[in-house]
Amino acid sequence: MIRYPRHLAVAAACLALVGCESQQQGSPVASGSSSGTSTSTSADPGFTPTEDNQDPTKKIDGVLAIEYEGAQHVKPTERVAYDHKPPLGGAHDAVWAPCNGVVYKKAVRTENLVHSLEHGAVWLTYDPDKLDGDGVAALEKRVNGKPYTVLSPFPGQAEAVSVQSWGRQLQVAKADDKRIDQFIQATRANQYLTPEPGASCDQIDPDRFDQDNPPPFDPSDPGPGAIPVTGR
Amino acid sequence: MAAAVVVLLVGAAAGMLITLASVGSPEEAPGQDSIDVGFAQDMRVHHLQAITMAGMARDRSEDTEVRQLAFDIESTQLDQSGQLSGWLTVWGQPTLSPPDQPHMRWMAGAHTHADTSGVDLMPGMATSEELMKLRALKGTEFTVYFLQLMLRHHEGGLSMATYAADHARLGYVRNLAQKIASGQQAEVTLLTTMIKARGAQPLPG
């Protein structure tokens, strides 16, 4: 008997106060929004790609930048005469290497991984002769479960660690160099630098590139029959 | 009487303005540490793994009903993932969370799965070893394990979707979060039924 008249009074007040409904909706939204401020991050927003900051790698010391033309495909039997070790773009196999947070323990065929770069992946590589187990574990932590990242050994590269996205590369001596995370933040699925933003990093054809039994790295010289890095 | 109504209306209008000022205008983009941004980044990563698993089942399962469900999940979550990355671009935020940032810290107020420090692997996510096992299986074993992993994946995403549906600032974010929560809740029932119909049980919790 007490509750009923009070309910009526609230309803009457709401009828008179036309703004009542939106105020009630606004209140929980405001409290939810303010509670989000406790989740601060360590990431520097200056390395996030935006329309005004399309290539944040310009703020990172030591990044190599080269423009390549995309969509130059070669056959699984062909090799490309790349201009850098590891390459950071150029002609590549028609089938990309799975790159959705994949850790390859053994070195794999380069021509497939260059296609992964074209899809927006960041490819981390290390020279197994220059990086110890702790260093490799630190790189694996950056890749495992992280979409649009992929890790593989690359024997014979100049530095212990190299990180590449399409047209960008950073080579460093140690796996804890803070520029690695800055480079990943700046380039991973960067919609301005990636030739094909939104393209898949999932396995397309296990007969051509099996994630669990990938075609191996070929350390030999590609030879005179190789396809130029700029394509045919 | 007319004067009293005018006073009430002016008071109501002032109240609306105060409310708007406290939550920001709808045009103001949510910031780096907001629930809206955290949800969009983490749900996108969560969705991308479901897309990976569903794509495998659509390619490889010999079970027509499972292939159809897999295509439904893959195409739905691919579109939703695109919406999430589109919002993040418009808001000037990373479409994937920075590499050194744990997941689910934006749910610090929820007191559920994640504490204030966040998690490396979100609830329901399959590990690299589980995905490798899925890739190695064939026939009915593959189909059943896919259904089991997808059921656990859907269940794991519910807490994030429900929290964002209740607490995100922007209406369109709350709406998609609500649709994800209700859609996946319905598919949890369907997946459970499909697993049992194939003589198996959900993975132990």
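See the structure printed just above.
These figures come from a predicted structure and were not determined experimentally.

Draft legend 1. Seen up close, the overall build of chain B. A count of helices and strands for chain B gives six helices and zero strands. From first element to last, N terminus to C terminus, chain B shows the α and β order α-α-α-α-α-α. Of all intrachain contacts in chain B linking residues separated by at least 6 positions in sequence, the fraction that spans at least 24 positions is 75%. On chain B, roughly 9,300 Å² of surface is accessible, and the fraction owed to carbon and sulfur atoms is 59%.

Draft legend 2. Inspection of the sheet that holds strand β8 (residues 161-165) of chain A at higher detail. All names here are of chain A. An order of β1-β9-β8-β6-β7-β5 is seen for the six strands of this open sheet, with the pairing classed as mixed. Each of the sheet's edge strands pairs with one partner strand only, and the pair in question is β1 (63-65) and β5 (100-103). For this sheet the average axis-to-axis angle between neighbouring strands, irrespective of direction, equals 20 degrees. Pairing between strand β6 (residues 122-126) and strand β7 (residues 149-153): five bridges, direction parallel.

Draft legend 3. Structural view of the packing of helix α3 (residues 64-90) of chain B against helix α5 (residues 139-167) of chain B. Residues and elements named next belong to chain B. For the pair α3 and α5, interaxial distance at closest approach is 12 Å and the crossing angle is 35 degrees. Both α3 and α5 take part in a crossing whose hand is left-handed. Contacts between α3 and α5 involve V66, L69, A70, I73 and Q77 from the former and T143, F146, L147, M150 and H154 from the latter. For the contact of α3 with α5, the residue count by class is seven nonpolar, three polar and no charged.

Draft legend 4. Region of interest: the layout of surface pockets. Residues and elements named next belong to chain A. Its volume calculated, the second largest pocket comes out at about 370 Å³. For the second largest pocket, the lining is made up of 20 residues, of which R79, K85, D218, S220 and P222 are closest to its centre. Those elements giving two or more residues to the lining of the second largest pocket turn out to be β3 (80-81) and α3 (110-118). Residue classes in the lining of the second largest pocket are distributed as 10 nonpolar, four polar and six charged.

Conventions and cut-offs
Residues numbered from 1 in each chain as written. Chains lettered and ligands numbered in written order. Predicted model: local features only at pLDDT ≥ 70, side-chain atom pairs only at ≥ 80, totals over all residues. Heavy atoms only, no water. Helix = DSSP H or I, 4+ residues; strand = E, 2+ residues; numbered from the N terminus. Contact = heavy atoms within 4.5 Å. Areas by Shrake-Rupley, 256 points an atom, 1.4 Å probe, with all protein chains shown as cover. Pairing = 2+ DSSP bridges. Axes fitted to C-alpha atoms, helices over the stretch in contact; angles between N-to-C directions. Left-handed = near helix turned anticlockwise from the far one by under 90°. Nonpolar A, V, L, I, M, F, W, Y, C, P; charged D, E, K, R; others polar. 1 Å grid on protein atoms, 1.4 Å probe; cavity = no way out; pocket = protein on both sides within 12 Å on 5 of 7 lines; lining within 4 Å. Points joined across faces, edges and corners; volume = space filled by probe spheres on them.

All we've got here are geometric facts, nothing functional implied.
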